[in-house]
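Structure at a glance
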Amino acid sequence: MSEPTQNAQRLKVIVADDQAAVREPLAAVLGLAKDIDVVAAAADGAEVLAAAAAGPVDVVLMDLRMPVMDGIEATRRLTEEHPEVAVVVLTTFADDDSILAALSAGARGYLTKNAGREDIARAIRAAAAGQSVLDREVQDRLLATARTKAPTPEQPLPGDITPREREVLTLIGQGLPNRAIAEKLFISEATVKTHINNLFAKADIRDRADAVRRAITAGLA
C-alpha cells in the first residue's frame, strides 16, 4: 500500500477500546503510518467525548462494547456535538442490530477486528475524506437485510443518472468495494470515486449503506 508523503497533513485519530491489550498495540501500529497521529487512547465513550472536546480530532476508531458509555451512544453524541469528527467502528460484532445502530448513529465506516492494519488505515483516510468504508462481511449483511426489507413497488432513480453511474450503483449493490468496481469496469479507482460522488449527490444517497438500499429498491441488485 502506498502511503501519503510526509508533507501531507497528518490525521488526528482517537483509538477507543475498553481492552488495553487491543487499544495500546493498535494505537502503536497506527502511529507508524506517515499520515496518522494517534492523539488519544480511550477506554470508554466518555473518554472519547472528553478527548474530542479537547481536540482537534479528525477520526475516532470506535469499539462498540465499552463500559460507562458504549460506542453507539458515543457515536451519536459525537455526531451531534462534533459533526466534523468522523467515526469508524472497529468491533468483533457484525450482527444486523449492531451494524444498523452504528450507521444510524452516524458512523462513517464499519470494520470487524479481522481487518488488517492497512485496511484500518485506509478506512481512517476515507472517513476523513467524507467517504464510507464497510467491511465486506458488513456489506453482505446490509445487502441481505435490504433485500428482505426492500419496499415495493421499485423506486426509480433520478433521470440524470448516467449509464456508468447506474453500473457503479449496481456493483455497490452487489457488495463490491471500489477497487473491485474499478477492475470490473476497467477504469481507475479515482474515477470510481468520482462516479460515486456524483451518484450520491444526484440521488441524495447518504452513504454506502444507503447506496446498497437504493440499488435494491431501484431493481439493480
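Further up the page is the structure itself.
Just so we're clear, the structure is a prediction, and the values are computed from it rather than from any experiment. (Residues numbered from 1 in each chain as written. Predicted model: local features only at pLDDT ≥ 70, side-chain atom pairs only at ≥ 80, totals over all residues. Heavy atoms only, no water.)

**Here's the deal with the pairing of strand β1 (residues 11-16)**
The element β1 is extensively covered by neighbouring structure, given that 5 of its 6 residues are classed as buried. Pairing geometry for β1 and strand β2 (residues 36-42), over 6 bridges, is parallel. Note that in β2 the partner of Val 13 across the bridge is Val 38. Crossover connection from β1 via helix α1 (residues 20-30) to parallel β2: handedness right-handed. Sheet analysis places β1 next to strand β3 (residues 59-62), joined by 4 bridges and oriented parallel. For Val 15, the partnering residue across the bridge sits in β3 and is Leu 61. (Buried < 20%, exposed > 50% of the residue type's maximum accessible area, 1.4 Å probe, protein only. Helix = DSSP H or I, 4+ residues; strand = E, 2+ residues; numbered from the N terminus. Pairing = 2+ DSSP bridges. Right-handed = clockwise from strand over helix to strand, strands pointing away.)

**What to know about the nonpolar core**
Counting 28 residues, the largest nonpolar core has Ile 14, Val 60, Met 62, Leu 78 and Tyr 110 as the members making the most contacts within it. Mapped by element, the contributors of at least two residues to this core are β1, β2, α2 (45-54), β3, α3 (71-81), β4 (86-91), α4 (96-105) and α6 (136-149). With 4 residues, the single largest contributor to this core is α2. Those residues in contact with Val 60 that sit more than four places away from it in its chain are Ile 14, Val 48, Leu 78, Val 85, Ala 86, Val 87 and Val 88. (Core = buried A, V, L, I, M, F, W, Y, C linked by side-chain atoms within 4.5 Å. Contact = heavy atoms within 4.5 Å.)

**As for the pattern of salt bridges**
Under the criterion given, the structure shown has 11 salt bridges. A salt bridge links Glu 81 to Arg 77, with the nearest nitrogen and oxygen atoms 2.6 Å apart. Residue Glu 81 and its partner Arg 77 are located together in helix α3, separated by 4 residues, close to a single helical turn. Classification of Glu 81 by relative accessible area gives partly exposed; the value is 41%. A salt bridge links Glu 167 to Arg 164; the nearest nitrogen and oxygen atoms lie 2.9 Å apart. Here Glu 167 pairs with Arg 164, and both are found in helix α7 (residues 163-173), just 3 residues apart, close to one helical turn. A residue is classified by how much of its surface remains accessible, and Arg 164, at 28% relative accessible area, is partly exposed. The network of salt bridges with shared partners includes Asp 17, Asp 63 and Lys 113. (Salt bridge = Lys/Arg side-chain N within 4 Å of Asp/Glu carboxyl O.)

**Observations regarding helix α8 (residues 178-185)**
Regarding α8, the residues found buried are Asn 178, Ile 181, Ala 182 and Leu 185. Looking down the long axis of α8, one finds its buried residues gathered within 100° of arc, a one-sided arrangement. For α8, exposure combined with an orientation more than 90 degrees from the buried face picks out Glu 183 and Lys 184. The secondary structure elements touched by the buried residues of α8 are α7, α9 (189-203) and α10 (208-217). Residue Phe 186 follows α8 closely and has a positive phi angle near 60°. (Arc of directions from axis to C-beta.)

**Details of helix α5 (residues 117-128)**
With 12 residues, α5 should reach 16 Å at 1.5 Å per residue; the first-to-last C-alpha distance of 17 Å fits that figure. Within α5 the residues assigned to the buried category are Ile 120, Ala 121, Ala 123, Ile 124, Arg 125, Ala 126 and Ala 127. Once α5 finishes, Gly 130 follows within two positions and takes phi at roughly 90°, a positive value. (Expected span 1.5 Å × (residues − 1).)

**Examining the packing of aromatic side chains**
Taken as a whole and judged by the stated rule, the model has 0 aromatic pairs. The ring of Phe 93 has Arg 65 sitting right over it, with the charged end atom 4.1 Å from the ring centre. (Phe/Tyr/Trp six-rings, centres within 6.5 Å; stacked < 30°, edge-to-face > 60°. Lys NZ or Arg CZ within 6 Å of the ring centre and 35° of its normal.)

**Observations concerning the pairing of β3**
Across a regular strand the side chains alternate sides, sitting on one face of the sheet and then on the other. Every second residue of β3 is oriented toward a common face, with Val 59 and Leu 61 on one face and Val 60 and Met 62 on the other, all of them buried. A crossover connection joins β3 to the parallel β4 through α3; in handedness this β-α-β unit is right-handed.

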